Amino acid sequence: MIRPTLPLMRNLLLLALAAACIAIPARAIDPSAACNPRAHGAKGDGVSKDTAALQAAIDACERQGGGTVRLIAGTYLSGPVVLKSNITLQLDKGATLLGSPDHADYPPLTMFHLPDLQPLVGATNASNVVITGEGVIDGNGESWWQEARRIKDHGVLGNGHPRPKLIIFDHCKQVRVEGVTIQNSPMWQLVPYYSDGVVIRNIKVLAPADSPNTDAVDPFSSSHVVIDHLFADVGDDDIAIKSGAIDSPGPDDPSRDITITDCIFLHGHGLSIGSEIAGGAQNIRAERIHFDGTDNGIRVKANRDRGNDVSHLFFRDIDMKNVKNAVIISEYYPKILPPDAEAAQPVTRLTPHFHDITLENITATGSISAGAIVGLPEAPIAALTLRNVKIAAQHGLTISYAAVSEASVIIEAAEGQPITKLAGAIVSSH
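Small disclaimer: the values here were computed from a predicted structure and weren't measured. (Residues numbered from 1 in each chain as written. Predicted model: local features only at pLDDT ≥ 70, side-chain atom pairs only at ≥ 80, totals over all residues. Heavy atoms only, no water.)

Sorry if this is basic, but what is going on with the packing of aromatic side chains here?
To describe a pair of aromatic rings, you give the distance between the ring centres and the angle between the ring planes. Applying the stated criterion across every chain, the model contains 7 aromatic pairs. On the numbers, 5.4 Å between centres and 70° between planes, the contact of F265 with F291 is edge-to-face. You can see F265 sitting in strand β19 (residues 255–265) and its partner F291 sitting in strand β21 (residues 281–292), a full 26 residues away along the chain. On the basis of relative accessibility, which here comes to 0%, the residue F291 falls in the buried class. An aromatic cluster of three or more residues is present, and its members are F112, W188, Y193, Y194 and F220. Over the face of the ring belonging to F231 we find K204, whose NZ or CZ atom lies 6.0 Å from the ring centre. (Phe/Tyr/Trp six-rings, centres within 6.5 Å; stacked < 30°, edge-to-face > 60°. Helix = DSSP H or I, 4+ residues; strand = E, 2+ residues; numbered from the N terminus. Buried < 20%, exposed > 50% of the residue type's maximum accessible area, 1.4 Å probe, protein only. Lys NZ or Arg CZ within 6 Å of the ring centre and 35° of its normal.)

Below, the structure is given as structure tokens:
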């Protein structure tokens, strides 16, 4: 009998081990399988609810230290899912995450210090969270919109009839949303809430023009936010920077250090700061924004029941076409102008204070109104600068309780005066 030599035995053992490894299923040796929704039972057929499978993939991916939860082409019908730290949700081209039409799938929670409903996609106290790809997150909001149209003040926070938002990052750090299309939310669509270090880039946010409260992007008490190359065509604010609800008891953190660049806004209520701004807003820069057919262009809005310090705002290189109201900066929201014989009221924690605001290189054509710059008698707008501004509108610009410095400003009004000064207006030219 031939006895195998030691080297031969070693080689045979290695070959046996190699064969055993080849026989192990790929899922067992591929660490990415834990993050694969299909491996957890997701069907992506648009009929079966994939909520449990999607959440299982996210949770398993978190347990292995993070990774990419990838949705390949298909329609993934789902109730709310929760992203975790170090998780990337990737939606491939042809992939749609579709919100369940069953209202009971959205459990109650507290958000914005008020009763609310869980969003379709959420993350809380998480860091390094990414949503990316060429796919779609669709809130399937039509049934919610129908309900909202039947109930007065359905879009007001805390009114007793909450609607789920589409995506909320709640107290998160280092967030990125890139490439995807977000659409048809029951209410606000993308909300960084008390979050820091947020990048939103190269996304589309869509909803029918008559869909109620479908704001595109609403940074709420968030800081160090970049919004770049946003295409928004929605039923409410294209961007609304917020920081505190109406009659908020406080405390509320401000929204600050926000940069908005190279955006296109079609239907919608424009680029807004407010109206729920009880924590204030500072250091906000918006440049190279194109508006076409929005209700408003630049809008800074508050009232005595929801204001705070709103300052160091800089709007530059902005053009508007067929925008109803080019510039609305008012402390009387939802109204614009003060009532006749308006008297000063006591200053409170919620009194708005608008100051140090610059609008430079602004053009608008085809507007109904050039707009208004209107403060309160007890809190006039201070240090507002208009520089190289040209607006052609049916009606001119109204100024009241505001100190405005202007240089190279041309207001072309088809009817009435180009600029109307009401009580408290101080306009200086340089």
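There is more to say, and it comes next.
Before we go on, may I ask you to explain helix α4 (residues 142–150) in this structure?
The periodicity of an α-helix, 3.6 residues per turn, causes residues three or four places apart in sequence to face the same way. Along α4, the residues that are buried comprise W144, W145, E147 and A148. Within α4, the buried residues cover an arc of 160° as seen down the axis, which keeps them to one side. Looking at the packing, one finds that the buried side of α4 touches β8 (114–117). (Arc of directions from axis to C-beta. Contact = heavy atoms within 4.5 Å.)

What exactly am I supposed to notice about a nonpolar patch on the surface here?
Residues I336, L337 and L422 make up a contiguous nonpolar surface patch of about 210 Å² in total accessible area. Among the structural elements, L422 can be located in the loop between β27 (402–421) and β28 (425–429). (Patch = residues over 30% accessible without salt bridge, like charges linked within 9 Å, V, L, I, M, F, W, Y side chains within 5 Å. Areas by Shrake-Rupley, 256 points an atom, 1.4 Å probe, with all protein chains shown as cover. Salt bridge = Lys/Arg side-chain N within 4 Å of Asp/Glu carboxyl O.)

How should the nonpolar core be read in this particular structure?
If you look at soluble globular proteins, the nonpolar side chains tend to sit buried side by side. In terms of nonpolar packing, the biggest core is built from 93 residues, with I131, F169, V177, L230, I260, I273 and F315 touching the most fellow members. In terms of residue count, the dominant contributor to this core is strand β26 (residues 381–400) (8 residues). Leave out the neighbours within four places in its chain, and I273 touches I241, A281, I284, R299, V300, K301, V310, L313 and F315. Counting residues in hydrophobic clusters, the runner-up holds 11 residues, among them Y193, Y194, F220 and A245. (Core = buried A, V, L, I, M, F, W, Y, C linked by side-chain atoms within 4.5 Å.)

Mind showing me how you'd approach the pattern of salt bridges here?
For side chains of opposite charge, pairing can occur when their charged atoms come near one another. By the definition in use, this model includes 23 salt bridges. D116 serves as the salt-bridge partner of K165, at 3.0 Å between the closest nitrogen and oxygen. Here D116 lies in strand β8 and K165 lies in the loop between α4 and β12 (167–170), a separation of 49 residues in the sequence. Neither residue differs from the other here; K165 and D116 are each classed as buried. Note that D210 is salt-bridged to R149, the shortest N-O span being 4.0 Å. Placement of D210 in the loop between β16 (196–206) and β17 (223–233) and of R149 in helix α4 is noted, with a sequence separation of 61 residues between them. Its relative accessible area of 56% is what places D210 among the exposed residues. On the basis of relative accessibility, which here comes to 44%, the residue R149 falls in the partly exposed class. Among the charged side chains, a network of salt bridges with common partners joins R316, D317, E360 and R387.

Would you mind going over the pairing of β27 with me for this structure?
Across a regular strand the side chains alternate sides, sitting on one face of the sheet and then on the other. Two strands pair when backbone bridges link them, and β26 and β27 are joined in this way by 14 bridges, in the parallel orientation. Across the sheet, the residue bridging to I391 is I411, located in β27. Relative to β28, β27 runs parallel, the two being bridged by 5 bridges. Its bridge partner being in β28, A403 is matched across the sheet by I426. (Pairing = 2+ DSSP bridges.)

How do you make sense of the pairing of β19 when you look at a structure like this?
Here 7 bridges tie β17 to β19, and the two strands are oriented parallel to one another. Counterpart to V226 in the pairing with β19 is T259. Bridge count between β19 and β21: 9 bridges; the pairing is parallel. Bridging across to β21, T259 finds its partner in R285.

Explanation requested: the sheet that holds strand β15 (residues 190–193) in the structure shown.
Hydrogen bonds between backbone groups are what pair the strands of a sheet, and the pairing can be parallel or antiparallel. Taken in spatial order, the 4 strands make up an open sheet running β4-β9-β12-β15, and their pairing is parallel. Looking at which strands have only one partner, the edges of the open sheet turn out to be β4 (81–82) and β15. Of the strand pairs in this sheet, β12 and β15 are connected by 4 bridges, and their pairing is parallel. Within β15, the residue paired with F169 across the bridge is P192.

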